[in-house]
Every structure is written in C-alpha cells, then in structure tokens.
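# Examination of the molecular architecture
Okay, here's what each chain looks like letter by letter:
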Amino acid sequence: MQMKLLQDRIRRDGQVEPGNILKVDSFLNHQIDIELMDEIGKEFYRQFKDRGVTKILTIEASGIAIATAAAHCFRCPIVFAKKTKTLNIAGDVYTSRVDSFTHKTTNDIIVSKRFLLPGDRVLIIDDFLANGKAIFGLSDLVHQAGAELVGAGVVIEKGFQDGGKKIREMGIDLHSLAIVDAMDPVTGVVFRPED
Ligand code: G4P
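Reading the values: the criteria
- Residues numbered from 1 in each chain as written.
- Predicted model: local features only at pLDDT ≥ 70, side-chain atom pairs only at ≥ 80, totals over all residues.
- Heavy atoms only, no water.
- Near = heavy atom within 4 Å.
- Polar contact = N/O pair within 3.5 Å; in protein donor to acceptor, adjacent residues only side chain to side chain.
- Areas by Shrake-Rupley, 256 points an atom, 1.4 Å probe, with all protein chains shown as cover.
- 1 Å grid on protein atoms, 1.4 Å probe; cavity = no way out; pocket = protein on both sides within 12 Å on 5 of 7 lines; lining within 4 Å.
- Sits in = over half its atoms within 2 Å of the grid points.
- Helix = DSSP H or I, 4+ residues; strand = E, 2+ residues; numbered from the N terminus.
- Nonpolar A, V, L, I, M, F, W, Y, C, P; charged D, E, K, R; others polar.
- Core = buried A, V, L, I, M, F, W, Y, C linked by side-chain atoms within 4.5 Å.
- Buried < 20%, exposed > 50% of the residue type's maximum accessible area, 1.4 Å probe, protein only.
- Contact = heavy atoms within 4.5 Å.
- Pairing = 2+ DSSP bridges.
- Axes fitted to C-alpha atoms, helices over the stretch in contact; angles between N-to-C directions.
- Expected span 1.5 Å × (residues − 1).
- Left-handed = near helix turned anticlockwise from the far one by under 90°.
- Phe/Tyr/Trp six-rings, centres within 6.5 Å; stacked < 30°, edge-to-face > 60°.
- Lys NZ or Arg CZ within 6 Å of the ring centre and 35° of its normal.
- Arc of directions from axis to C-beta.

### Re the site of the ligand
Every one of the 22 residues lining the ligand counts as a neighbour, but Leu22, Thr102, Ala130, Gly132 and Lys133 are closest to it. Contact between the ligand and Asp127: an oxygen atom at 3.2 Å from a side-chain N or O atom of the residue. Considering the ligand on its own, with 720 Å² of exposed area, one finds that the protein chains cover 86% of that surface. Here the ligand occupies the largest pocket. Counting residues per element, the ones that place at least two in the shell around the ligand are β2 (21-23), β5 (93-100), β7 (121-129) and α4 (133-144). Here the shell around the ligand takes three residues from β7, the largest share from any one element. Of the residues contributing to the shell around the ligand, the split by class is eight nonpolar, eight polar and six charged.

### Re the nonpolar core
Among the nonpolar cores identified, the biggest contains 33 residues, and Leu6, Ile10, Leu22, Leu28, Ile40, Phe44 and Ile56 are the most heavily contacted of them. Looking at this core, the elements that each hand over two or more residues are α1 (4-13), α2 (34-48), α3 (63-74), β7, β8 (148-158), β9 (174-184) and β10 (188-191). Beyond its immediate chain neighbours, meaning those up to four positions away, Leu6 contacts Phe27, Leu36, Ile40, Val155, Leu177 and Ala178. One finds Leu57, Leu116, Ala152 and Ile167 within the second-largest nonpolar core, a separate group that totals 24 residues.

### Remarks on the sheet that holds strand β4 (residues 78-84)
The pairing of strands in a sheet comes from backbone hydrogen bonds and takes either a parallel or an antiparallel form. The strand order β5-β6-β4-β3-β7-β8-β9-β10 describes an open sheet built from eight strands, whose pairing is mixed. Of all the strands in the sheet, just β5 and β10 have a single pairing partner and so form its edges. Adjacent strand axes in the sheet meet at a mean angle of 30°, parallel and antiparallel pairs treated alike. Running at roughly 135° to β8, α2 makes contact with β7, β8 and β9 of the sheet.

### Observations regarding α3
Taking 1.5 Å per residue, twelve residues should reach 16 Å; α3 reaches 16 Å between its end C-alpha atoms and fits that length. The set of residues buried in α3 consists of Gly63, Ile66, Ala67, Ala69, Ala70, Ala71 and Phe74. Buried residues along α3 sit in contact with α2, β3 (55-59), β4, β7 and β8. Among the residues trailing α3, Arg75 stands out with phi positive, at a value near 55°.

### Structural notes on the packing of α1 against α2
Relative orientation of the contacting elements α1 and α2 amounts to 140°, with a least axis distance of 10 Å. Considering only the axes of α1 and α2, their crossing is left-handed. On α2, the residues that touch Leu5, Leu6 and Arg9 of α1 are Leu36, Glu39 and Ile40. Partitioned by chemical class, the residues of the contact of α1 with α2 number four nonpolar, no polar and two charged.

### Looking at the packing of aromatic side chains
Using the criterion set out here, one finds one aromatic pair in the structure. Its guanidinium or amino end placed over the ring of Phe101, Lys104 lies 4.3 Å from that ring's centre, counting from NZ or CZ.

### Looking at α1
All of the buried residues along α1 are Leu6, Gln7, Arg9 and Ile10. Projected down its long axis, α1 shows its buried positions confined to an angular sector of 160°, all on one face. α1 presents Lys4 and Arg12 as exposed residues on the side facing more than 90 degrees away from its buried surface. Close packing links the buried residues of α1 with β2, α2, β8, β9 and β10.

### Observations regarding unusual backbone geometry
The omega angle of the peptide bond from Glu60 to Ala61 is 5°, so this bond is cis rather than trans. In this fold, Ala61 is placed in the loop between β3 and α3. One non-glycine residue, Asn20, lies in the positive phi region at around 60°. The residue Lys104 is not glycine, and still its phi comes out positive at about 55°. The topology assignment puts Lys104 in the loop between β5 and β6 (105-112).

Here it is as structure tokens:
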C-alpha cells in the first residue's frame, strides 16, 4: 500500500522538471517537513516492525533525515554510507561503487567495519529509487559485513525506471511509499494503481 498523505503532498508541492526529475525539495530533501517525516518513519515501522531490525542503513545526504525518522520508531541506530571520489582515505571500511545515472557521477561508498556487524539485521532506507544503484551498493556493503538484509524502504520509487524491478528480482523485500509511473511538467505525476 502506498502512503496517501505522501501522494497528496507530492501532487500539491512536487514539481516535475525536464528530464524526468521530480523536485520535492520543499518538503523532503532540502527543506524538510518534520511532521511528514514522522509519518514516513511510522509507515516504514508498520511495514518492517516484525523483522528484528537492529540497524538502519542509508546513504548521504538525503537519506539521513528519512532514516533518522524511521530509527526513532525502531529504536535502533542509523548508519549512513559516505560518498567519496577516492578510496585513499579508506581504512577499515567496506566499500562499493555506485554510479548515478541521474547525476552522471560515480562514487565509492564506504562504511566503517565497526558499524556493520555480522548478526546485524539491516533495513535499507533511501529517498529515491530510480535505477537501483544506491540500494544495490548498500546491499553489497551489508553482505560484505556478513549481516542480514531484512528489507528496503524508499520514499519515492520512479516506477518507469527499472530499479524497483531489479531490486525485487534480487529477492529484496522492497516497500515504496509512493510509486510514480509517469510524470510530465504540465500534467503532473501519475501514481501506480494499487493491485
Ligand atoms: P539509483 O540510485 O536508484 O540508481 O538512482 P540514480 O543514480 O538515478 O539517482 C541517484 C541520485 O539522484 C540520488 O541522490 C537520488 O535521490 C537522486 N534522484 C533520482 N531521481 C530523482 C528525482 O526524480 N528527483 C530528485 N529530487 N532526486 C532524484 P543522491 O546521489 O543520493 O544524492 P543526495 O541528494 O542524497 O545527496
């Protein structure tokens, strides 16, 4: 089930930009509406509360506020992967490579080995899912740590890109709070109908 409060907010305040970019910076990833954020955290908790989550993993920057809201409900720490252009600073870290189709960049992402442990039950949280590269990279870090990935939650899935399909095909339990199947600067966004 998608989250109606979020869909309504996207309809009201989201702006569709050329190049299939949905701008949500007035409430999600630049200015942040903390009441909406609380509801988003609760929704992820409702979805994953029975999984024994011990840690929430996200990626800087926009994922951090969302993961924090969820972590309040799960009462667990969040860990955010850091992006770096070079690996020379790498010490005792797990690393993975993430290409961003949207930003046309490649980042190595790193997490200290101290913060992802075998035995951890990890929930991945992020703001957008487009091509799935960020979630794929984060799940790679979880596996390197010998931890268990119990699911992934994203706020907005761009359903017309193939990330969601690929992540689900990998067997990851993915829950998206809003799935945008089409968008247009004039007519706005079309959400995926519930089955
Ligand atoms: P992928 O991880 O699913 O493969 O997605 P992709 O590389 O295409 O996009 C990665 C970055 O682009 C992410 O930001 C994501 O939040 C952002 N992004 C993708 N589509 C949209 C969109 O329609 N609207 C907005 N506002 N952002 C989008 P990031 O690299 O994690 O950067 P940060 O903003 O978190 O620092």
